[in-house]
Amino acid sequence: MALGNTEAILRRSKTIQEGDVQISERSFNLIIGGMLMWGFLLNFVTVSLFAERVIRMVMGMNPVVFLIVYFVLVLAGNFMVTRGSTPVAFLGYTLIAAPIGMLLCISIQGFPVSVVKSAVLVTAIVTLSFMIAGTLFTGFFLSLGRVLFFSLLFMIVGNLISSLLFGGRGFMMYQWLGTAIFSLYIGYDWARANTCVPTVKNAIGLSASLYLDIINLFL
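Since the structure is predicted, the reported quantities are computational estimates derived from the model, not experimental observations.

With respect to the overall build of the protein chain
Across its full length, the protein chain holds 9 helices and 0 strands. Listing every helix and strand of the protein chain by position from the N terminus yields α-α-α-α-α-α-α-α-α. Among the 219 residues that make up the protein chain, the fraction classed as buried is 41%. Across the protein chain, contacts joining residues at least 24 apart in sequence account for 82% of those joining residues at least 6 apart. Total accessible area on the protein chain is roughly 12,100 Å²; 73% of this is exposed by carbon and sulfur atoms.

Here it is as structure tokens:
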């Protein structure tokens, strides 16, 4: 999920930044896969081992404070990924994934394990399908960058207004809209992966985008 000016992000990913070295396509894809697994591993450990502690801690906080801290960490991590050196980008990716593990603890509490497993399976199938589509129809997905960005803004603002003024009426509509947007974002970010210069920095940046796409789709 590319945050910010999508055209600028595309231009930056097609050039080698200072200090970067071009690597093989195989190494590039392995780094993306490894970074995704690192993020999901952090989430799995948090949910499996620390869910009760996290829920108690969050429940004892003001929800507004929790949301502010959460978004500050994710935005700071995104800035580190897009603007920092390769080691800083890795730390930024970790800073994005760690608080999302806490969010998952809150989001899936009360759901049967079978439901969570089904959601994981469906997310995996949709992710793979749109990665294949992003490979086959690269040009089409790259053309969606600006549309997806503004669609996401519309969804967030519309959902917020609906919750504040209408008690969450139309919630399911925004859920389906979010599902469509994040599915298309997977195709878009994978299309970016097929056209950008294969460097470690680009691999980490694309991993962060794909990770956020997949997590948001799961949620």
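Considerations on the packing of aromatic side chains
Taken as a whole and assessed by the stated rule, the structure comprises 9 aromatic pairs. Between W38 and F90, the ring centres sit 6.2 Å apart and the planes meet at 20 degrees, which makes this aromatic pair stacked. Of the two residues, W38 is situated in helix α2 (residues 25–59) and F90 in helix α4 (residues 86–108); the sequence distance between them amounts to 52 residues. For F90, a relative accessible area of 32% translates into the label partly exposed. Cluster of aromatic residues (ring-pair linked, three or more members): F40, Y93 and Y211.

Quick notes on the packing of helix α5 (residues 113–136) against helix α9 (residues 200–218)
Between α5 and α9, whose axes approach to 9 Å, the crossing angle comes to 135 degrees. Looking at the two axes, α5 sits oblique to α9. Of the two possible hands of crossing, α5 and α9 adopt the one that is right-handed. Contacts between α5 and α9 pair V116, A119, V120, T123, V126, T127 and M131 from the former with L210, I214, L217 and F218 from the latter. For the contact of α5 with α9, the residue count by class is 9 nonpolar, 2 polar and no charged.

Some words on the packing of α4 against α9
When two helices pack together, their arrangement is given by the angle between the helix axes and the distance between those axes. It is the contact of α4 with α9, at a shortest axis distance of 10 Å, that shows an interaxial angle of 10 degrees. Of the possible angle classes, the one that applies to α4 and α9 is roughly parallel. Contacts from T86, A89, F90, Y93, I96, A97, I100, L104 and I108 in α4 reach V200, K201, I204, S207, A208, Y211, L212, I215 and F218 in α9. Classifying every residue of the contact of α4 with α9 gives 15 nonpolar, 2 polar and 1 charged.

Considering the environment of A124
Assignment of secondary structure puts A124 in helix α5. Exposure remark for A124: the relative accessible area of 43% places this residue in the partly exposed category. Residues A124 and L217, spaced 93 residues apart in sequence, show a C-alpha to C-alpha distance of 9.8 Å.

Thoughts on the pattern of salt bridges
Summed over all chains, the structure comprises 1 salt bridge. Notably, a salt bridge pairs R192 with D189, separated by 2.9 Å at the nearest N-O pair. Residue R192 and its partner D189 are located together in helix α8 (residues 171–195), separated by 3 residues, close to a single helical turn.

Regarding a nonpolar patch on the surface
Residues W38, L41, F44, V45, L49, F50, F90 and L91 make up a contiguous nonpolar surface patch of roughly 750 Å² in combined accessible area. Within the residue set of the nonpolar patch, elements represented by two or more residues are α2 and α4. Relative to the elements of secondary structure, F44 occurs in helix α2.

Some thoughts on the side chain of D189
Overall, D189 belongs to the buried group, its relative accessible area being 0%. Of the polar contacts made by the side chain of D189, one reaches the side chain of R192; its length is 2.9 Å.

Quick look at the confidence of the model for the protein chain
Do not read the predicted coordinates in detail wherever pLDDT is low. On average, residues of the protein chain carry a pLDDT of 87, and 89% of them reach 70 or more. Across the protein chain, the element-wise mean pLDDT spans from 62 in helix α1 (residues 6–13) up to 94 in α5.

Remarks on the nonpolar core
The nonpolar side chains of a soluble globular protein tend to be buried with one another. Grouped together as the largest cluster of nonpolar side chains are 45 residues, with contacts concentrated most on I32, Y93, I100 and Y211. For this core, the secondary-structure elements that each account for two or more residues are α2, α3 (63–83), α4, α5, α6 (138–142), α7 (145–166), α8 and α9. No other element matches the 11 residues that α9 contributes to this core. Excluding residues within four positions of it along the chain, Y211 makes contact with L36, G39, F40, N43, Y93, I96, A97 and I100.

Reading the values: the criteria
- Per-chain numbering applies: the sequence of each chain, read as written, is numbered from 1 onward.
- Whole-chain, interface and lining totals are the exception, using all residues; otherwise, since this is a predicted model, local features are given only for residues with pLDDT of at least 70 and side-chain atom pairs are given and counted only at 80 or more.
- With hydrogens and water set aside, each side-chain value is computed from the structure's full complement of heavy atoms.
- In this description a helix means any DSSP run of H or I spanning at least four residues, a strand means any run of E spanning at least two, and both kinds are numbered starting from the N terminus.
- For the exposure calls, accessible area comes from a 1.4 Å probe over protein chains only, and a residue counts as buried if that area is under 20% of its type's maximum, exposed if over 50%, partly exposed in between.
- Two residues form a contact once any of their heavy atoms are found within 4.5 Å.
- Only the protein chains shown count as covering a residue, and every accessible area follows the Shrake-Rupley method with a 1.4 Å probe.
- Each aromatic pair joins two rings of Phe, Tyr and Trp (for Trp, the six-membered one) with centres within 6.5 Å, and gets the label stacked for planes under 30 degrees apart, edge-to-face for over 60, and tilted for any other angle.
- Every axis in this analysis is a line fitted to C-alpha atoms, fitted for helices over the stretch in contact. Angles between the N-to-C directions lie between 0 and 180 degrees.
- Our angle categories are set so that under 35 degrees counts as roughly parallel, over 145 as roughly antiparallel, 65 to 115 as roughly perpendicular, and the remainder as oblique.
- Take the far helix as your reference; a near helix turned counterclockwise from it by less than a right angle gives a left-handed crossing, and one turned clockwise gives a right-handed crossing.
- Here the nonpolar group is Ala, Val, Leu, Ile, Met, Phe, Trp, Tyr, Cys and Pro; Asp, Glu, Lys and Arg are the charged ones; every other residue, Gly included, is treated as polar.
- The rule for a salt bridge is simple: a side-chain nitrogen of Lys or Arg has to be within 4 Å of a carboxyl oxygen of Asp or Glu.
- Only residues whose relative accessible area exceeds 30% and that form no salt bridge are eligible for patches; like-charged ones are grouped when within 9 Å, while nonpolar side chains (Val, Leu, Ile, Met, Phe, Trp, Tyr) are grouped when within 5 Å.
- In protein, a polar contact means a hydrogen-donor-capable atom and an acceptor-capable atom, both N or O and within 3.5 Å, with residues adjacent in sequence counting only if both atoms are side-chain atoms; elsewhere, any N or O pair within 3.5 Å suffices.
- Per residue, pLDDT captures the predictor's confidence, and it can take any value from 0 to 100.
- Only buried Ala, Val, Leu, Ile, Met, Phe, Trp, Tyr and Cys residues count toward a nonpolar core, and they belong to the same one when joined by side-chain atoms within 4.5 Å.

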